[in-house]
Amino acid sequence: MGFESGNIYCSMQNSSTFFSTQRNMEGRGEIGLTGDGLETSMIGRMRDDEYESRSGSDNFELEGISGDEQDGGDDQRKRKKRYHRHTPNQIQELESFFKECPHPDEKQRLDLSRRLGLENKQVKFWFQNRRTQMKTQLERHENIMLRQENDKLRGENSIMKDAMVNPICNNCGGPAIPGQILFEEHQIRIENARLKDELNRICALTNKFLGKPISSLANPMALSASNSGLELGIGRNGYGGGSSSLGPSLPMGLDLGDCSAMPGIRSPMGMMGNSNDIQLERSVLIDLALAAMDELLKMAQTDSAIWIKGLDGERDILNQEEYARFSSCIGPKPPGFVAEATRETGIVIINSSALLETLMDANRYADMFQSMIARSVNLDVLSGGIGGTRNGAIHLMHAEVQLLSPLVPVRQVRILRFCKQHAEGVWAVVDVSVEIGHDANSQPFMSCRRLPSGCIVQDMPNGYSKVTWIEHWEYDESVVHQLYRPLLISGIGFGAHRWIATLQRQCEGLAILLSSSISSDDHTALSQAGRRSMLKLAQRMTNNFCSGVCASSARKWDSLQMGTLSDDMRVMTRKNIDDPGEPPGIVLSAATSVWMPVSRQRLFDFLRDERLRSEWDILSNGGPMQEMVHIAKGQGQGNCVSLLRANAVNANDSSMLILQETWMDTSCSVVVYAPVDAQSLNVVMSGGDSAYVALLPSGFAIVPDGNNSSSYGASNETSQKGGGGDNGGSLLTVGFQILVNSLPTAKLTMESVDTVNNLIACTIQKIKAALRVA
């Protein structure tokens, strides 16, 4: 209600000008609305070519005009039209191709014309008119939105005029005196100018980001800071975000600007249509983000009493009583749930700007934490940030967090991610589970929730960053296998140190890849393009292995339930028809986890050693393998991508190679491999596209068993040397993917299931025999 009537009149006048222009354009027909350069000369060429179109689907041809007709009066401009109507199949093919490529080139048009039995000109004009229709629909939609906003402004203008004509005193309810009228008008003018400046600033930023101007009449929704009666699924009962002071080290000043007026902001999950409900829901989400950020910063303070040292003197344990005193954005813990909370600090080879962009981008976030994030999707953007930065950015995301074992369910959470700058070179990113807008009938049973978690990033010299990570979960322990419960309750499975270790390892690998120097271990002297293609292929191989072990939604698998399988074994199947990254046919995936009475370091060294591979791998042909390519991904000897070749038994085996990726950090060790055709791999090694190389990965994932608490705080260097607290037992996950039939229409047989089941059991027995363990 702070708009001045004169300014509103200007806005209405601009809108009227737009409507007038729109009606003139509509009067000239759809050709006048196209953005594809259909000028007068183009229309002339269309007529000379004797083709036009109707509705993007029906074409007609023009008959030639005789000399007598040309000498006639009004009949000179009349032409006889012969219609050519496309068949439904032709229209369907054209529409399908239009969705993929609305601007086909000459080669694509020729290919379409041959396939559909049309002339090249018919295909060309069909696409031109189809683009014209789409342009017209978009402009009509914008026209409707502007008309609605114009009506709204007219109503507000009328209300304000009535209020100014008949002012009422707020104190007594009677008529206001003239002096009060002038003062209120002055205040309205000041407020109107401020709102106008803010709106213009936001429109300018949006124009910069989107590359096109937008209307300044977008609905600005007030960001109410008042407590709401609407409760979240995490048990919110009202909280005041940002009301607490954290001292001068981490100021809590928050300026979101008019973030809710940014373009592209939709109702979260599209569940609510009423504008008042949407505004209330946004207010609740922003309130939740503020409270979560407040809680994260308090938990990150080094001198806080929230954390106490464990019995080992290294591990921080959350003081639940102290935490309950200040925590204001969570409800009571659900029945049967247990809590795990961890904190870790590390130095990472990445600056804050690059790390923030990675965390706020769903795809880059999943790539960075490859073994931890099975899938990440950005659902909504409540705020894109202020001033072209990530400061104040609020995203609604869906994430699937995994531990590489079929005995631990994937943690599926819907989180609110909030990024805020607190000082020069100091940023914070917080996540918190949010269930607002959920449909209880369509959502699966909630087995976990992520309490305020995230990281504090502080820039350091030489492009490094100091990262303090907080990880806080509550989960249903009954869905976790007994074998992995100690690991999870200790915080090793999903704890902060695992995020820091993964971030350090990935950033170290990226730094090595971007380095101009070639490692001395890389005796093949691959080009930079060849190394990138090989690493990209290995990344896809590891992603497919993780999806087959954890059964995330990243890939579509069908689970098999058979009485002959043990409870510790997960068997899934999928039919591949058109994915070039897998061989066509029925793919079977099987995985299980077992406890091994050996250290994680010893087990990892044994499995990655190509000289000992014949002791457990049937692909080795009974002898040692030779490493042909070695691409380092870290300082440790085991962090690399390798290309192995087995001794050929016959001439046919000489073309088969094995691509292998191995890595180890303080939280997990992985050995993943897949047989690869030598001819396809030569293309990749020369820098070609790796997307068409078919892979069926198998491998191992090794984690501590969680019973030795000192394994929690082992450093990366100590872990790689096999020292520290990594001398206890370990949990070994074995996963295989095999092609059981090259025909997608074939049916899975019990023999195929028994084959892969026996393969896993035999491999585990061979490993135990080689390590001399029971």
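Report on the accompanying structure. Predicted, not measured: the structure shown is a model, and the values here were computed from it.

1. Focus on the sheet that holds strand 20 (residues 669–677)
Next, step 1: Judged by pairing direction, the sheet is antiparallel, and its 9 strands sit side by side in the order 14-15-16-22-21-20-19-18-17 without closing on themselves. Since the sheet does not close on itself, it has two edges, and those belong to strand 14 (558–559) and strand 17 (626–632), each with one partner.
Next, step 2: In this sheet, strand 18 (residues 640–645) lies alongside strand 17 in antiparallel orientation, the contact comprising 6 bridges. When the bridges of strand 18 are listed, glutamate 627 appears paired with leucine 644.
Next, step 3: Contacts between helix 16 (residues 678–685) and the sheet are confined to strand 17, strand 18, strand 19 (656–664) and strand 20, with strand 20 contributing the most and set at about 115° to the helix.

2. Some words on the nonpolar core
Next, step 1: The biggest cluster of nonpolar side chains holds 79 residues, and the ones touching the most others in it are Phe369, Val467, Tyr484, Leu488, Met534 and Leu681.
Next, step 2: The greatest single-element share of this core, amounting to 9 residues, is contributed by helix 14 (residues 528–550).
Next, step 3: If we skip the residues at most four places from it in the chain, methionine 534 touches Leu526, Val629, Ile631, Leu659, Leu681, Val684 and Met685.
Next, step 4: Membership of the second largest hydrophobic core comes to 34 residues, among which are Ala590, Leu607, Ile702 and Ile760.

3. Examining the packing of aromatic side chains
Next, step 1: A full pass over the atoms with the stated rule returns 11 aromatic pairs.
Next, step 2: Between tryptophan 473 and phenylalanine 494, the aromatic rings sit 6.4 Å apart at their centres with planes inclined by 50°, giving tilted as the arrangement. On the criterion of sequence distance, the pair formed by tryptophan 473 in strand 13 (residues 465–476) and phenylalanine 494 in the loop between helix 12 (485–489) and helix 13 (496–514) is long-range, its members being 21 residues apart.
Next, step 3: Every member of this aromatic cluster is reached through a ring pair, and the members are Phe97, Phe98, Trp126 and Phe127.
Next, step 4: One cation-aromatic arrangement involves arginine 411 over tryptophan 473; the distance from NZ or CZ to the ring centre is 4.8 Å.
Next, step 5: Note that arginine 613 overlies the ring of tyrosine 673, its terminal NZ or CZ placed 4.4 Å from the centroid.

4. Remarks on the side chain of serine 690
Next, step 1: Inspection of the secondary structure puts serine 690 in the loop between helix 16 and strand 21 (698–704).
Next, step 2: Sequence-distant contacts of serine 690, that is, excluding residues within four places in its chain, are made with Ser533, Lys536, Leu537, Arg540 and Val684.

5. Things to note about the side chain of threonine 662
Next, step 1: With respect to the element layout, threonine 662 can be found in strand 19.
Next, step 2: Residues within four places of threonine 662 in sequence aside, it is in contact with Phe604, Arg608, Gly638, Asn639, Cys640, Val670 and Val671.

6. Side note on the environment of threonine 542
Next, step 1: The residue threonine 542 is located in helix 14 in this model.
Next, step 2: As for threonine 542 and glutamine 660, which are separated by 118 residues in sequence, their C-alpha atoms are 9.3 Å apart.
Next, step 3: Not counting the four nearest positions on each side in its chain, threonine 542 is found in contact with Gln370, Glu661 and Val672.

What counts and what doesn't
Each chain has its residues counted from 1, running along the sequence as written. With the structure being a predicted model, the display of local features is reserved for residues of pLDDT at least 70 and the display and counting of side-chain atom pairs for 80 or more, all residues being used for whole-chain, interface and lining totals. Think of the side-chain values as coming from all heavy atoms in the structure, minus any hydrogens and water. When DSSP locates at least two bridges between a pair of strands, those strands are taken to pair. Only DSSP runs of H or I with at least four residues qualify as helices, and only runs of E with at least two residues qualify as strands; both kinds are numbered from the N terminus onward. Two residues qualify as a contact provided that any one of their heavy atoms is within 4.5 Å of a heavy atom in the partner residue. All axes are obtained by fitting lines to C-alpha atoms, using only the stretch in contact for helices, and the reported angles, taken between N-to-C directions, cover 0 to 180 degrees. Remark: nonpolar core denotes a set of buried residues (Ala, Val, Leu, Ile, Met, Phe, Trp, Tyr, Cys) joined through side-chain atoms within 4.5 Å. Residue exposure (1.4 Å probe, protein chains only): buried if accessible area is under 20% of the type maximum, exposed if over 50%, otherwise partly exposed. Classification of ring pairs rests on two measures: the distance between centres of Phe, Tyr or Trp rings, Trp counted by its six-membered ring, which must be within 6.5 Å, and the angle between planes, read as stacked under 30 degrees, edge-to-face over 60 and tilted in between. Comment: the charge-over-ring label is applied if NZ (Lys) or CZ (Arg) is within 6 Å of the ring centre and within 35 degrees of the ring normal.

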